[in-house]
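Chain residues, written in single-letter form:
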Amino acid sequence: DAGVTQSPTHLIKTRGQQVTLRCSPKSGHDTVSWYQQALGQGPQFIFQYYEEEERQRGNFPDRFSGHQFPNYSSELNVNALLLGDSALYLCASSWGDGTHTEAFFGQGTRLTVV
Amino acid sequence: GESVGLHLPTLSVQEGDNSIINCAYSNSASDYFIWYKQESGKGPQFIIDIRSNMDKRQGQRVTVLLNKTVKHLSLQIAATQPGDSAVYFCAEIPNTGNQFYFGTGTSLTVIP
């Protein structure tokens with residue numbers, strides 16, 4: 001079992017650009033959540049996808065969008081990048097509707113905006 | 001919004017001693033809690049969870065205690081080892097949704 005895999009592991013972008021991050025959930029999982037973790041902080045919830053739809057969203061602007069594919073993999077897109085978007089982006093997968101079940105995290109994508 | 005905080009940002013313990021990491025949460029409606037361990041450059045790793053209908057849960061060398069009266073959560077690590085050095089987060093899951101609310105984290109350093 002490969003667990004949750006994310007790509008790329010590191011990324012450098014210029015302010016104003018757009019970025020796409022990818023996540024493959026753990027085998028058997030169908031729910032994917034995305035988190036942003038700034039340096040020295042705990043992860044902050046961005047949104048969650050289940051059955052290819054955004055089910056819940058945290059306090060993030062519309063520049064942050066996502067998608068879930070029929071194979072349950074997911075993408076996180078961020079438009080008009082700001083310096084403050086520099087962070088570790090984590091993907092977490094879980095089973096079912098994701099309610100109150102353990103979530104497994106990937107190793108994250110380190111995004112640096114310059 | 002939710003608020004999950006930790007009492008101590010850093011903790012140093014001698015190898016072999018027991019460690020206690022504390023966490024306060026703000027939403028009395030939260031009914032599921034998880035402790036995660038995060039090593040440098042890695043994603044959070046599940047340690048142990050507890051539901052609000054329990055006060056205590058034990059795993060391998062770890063125990064989680066939940067005090068709903070004062071909205072406090074603790075993680076006890078027995079016989080702490082150098083491999084336990086990491087940042088530990090508590091996560092709170094309200095019964096109104098599926099998102100995890102994480103605290104800032106406690107950095108545990110084990111001194112050989």
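Residues numbered from 1 in each chain as written. Chains lettered and ligands numbered in written order. Predicted model: local features only at pLDDT ≥ 70, side-chain atom pairs only at ≥ 80, totals over all residues. Heavy atoms only, no water.

A look at the pattern of salt bridges
Residue and element names in this part refer to chain B. This model, assessed by the stated rule, comprises seven salt bridges over all chains. Arginine 57 is paired through a salt bridge with aspartate 49; the nearest N and O atoms lie 2.2 Å apart. Arginine 57 sits in the partly exposed class, given a relative accessible area of 35%. Among the residues examined, aspartate 49 registers a relative accessible area of 11% and is labelled buried. The salt bridge involving arginine 61 is made with aspartate 84; its shortest N-O contact spans 2.9 Å. Residue arginine 61 is located in the loop between strand S6 (56-58) and strand S7 (62-67), and its partner aspartate 84 is located in the loop between strand S8 (72-77) and strand S9 (86-94); the two are separated by 23 residues in the primary sequence. (Salt bridge = Lys/Arg side-chain N within 4 Å of Asp/Glu carboxyl O. Buried < 20%, exposed > 50% of the residue type's maximum accessible area, 1.4 Å probe, protein only. Helix = DSSP H or I, 4+ residues; strand = E, 2+ residues; numbered from the N terminus.)

Topic: the sheet that holds strand S3 (residues 19-24) of chain A
All names here are of chain A. With antiparallel pairing, the four strands of this open sheet are ordered in space as S1-S3-S8-S7. Across the chains shown, the open sheet's two edge strands, defined by having one partner strand only, are strand S1 (5-7) and strand S7 (64-68). Strand after strand, the sheet turns through a mean of 20° between neighbouring axes, direction not considered. Inspection of the sheet shows S7 paired to strand S8 (residues 74-78) by five bridges, in the antiparallel sense. Bridging from a neighbouring strand, glutamine 68 pairs with serine 74 of S8. (Pairing = 2+ DSSP bridges. Axes fitted to C-alpha atoms, helices over the stretch in contact; angles between N-to-C directions.)

Side note on the state of the cysteines
Covalently bonding the sulfur atom of one cysteine to the sulfur atom of another cysteine gives a disulfide. Per the counting criterion, the structure on display carries two disulfides over all chains. Each sulfur of the disulfide joining cysteine 23 of chain A and cysteine 91 of chain A lies 1.8 Å from the other. When the S-S torsion is -60°, as for the bridge of cysteine 23 of chain A with cysteine 91 of chain A, the disulfide is left-handed. Of the two residues, cysteine 23 of chain A sits in strand S3 while cysteine 91 of chain A sits in strand S9 (residues 87-94), which places them 68 residues apart along the sequence. Both residues of the pair, cysteine 23 of chain A and cysteine 91 of chain A, count as buried. There is a disulfide in this structure between cysteine 23 of chain B and cysteine 90 of chain B, and the S-S distance comes to 1.7 Å. Disulfide cysteine 23 of chain B to cysteine 90 of chain B: torsion about the S-S bond roughly 45°, handedness right-handed. (Disulfide = S-S within 2.5 Å.)

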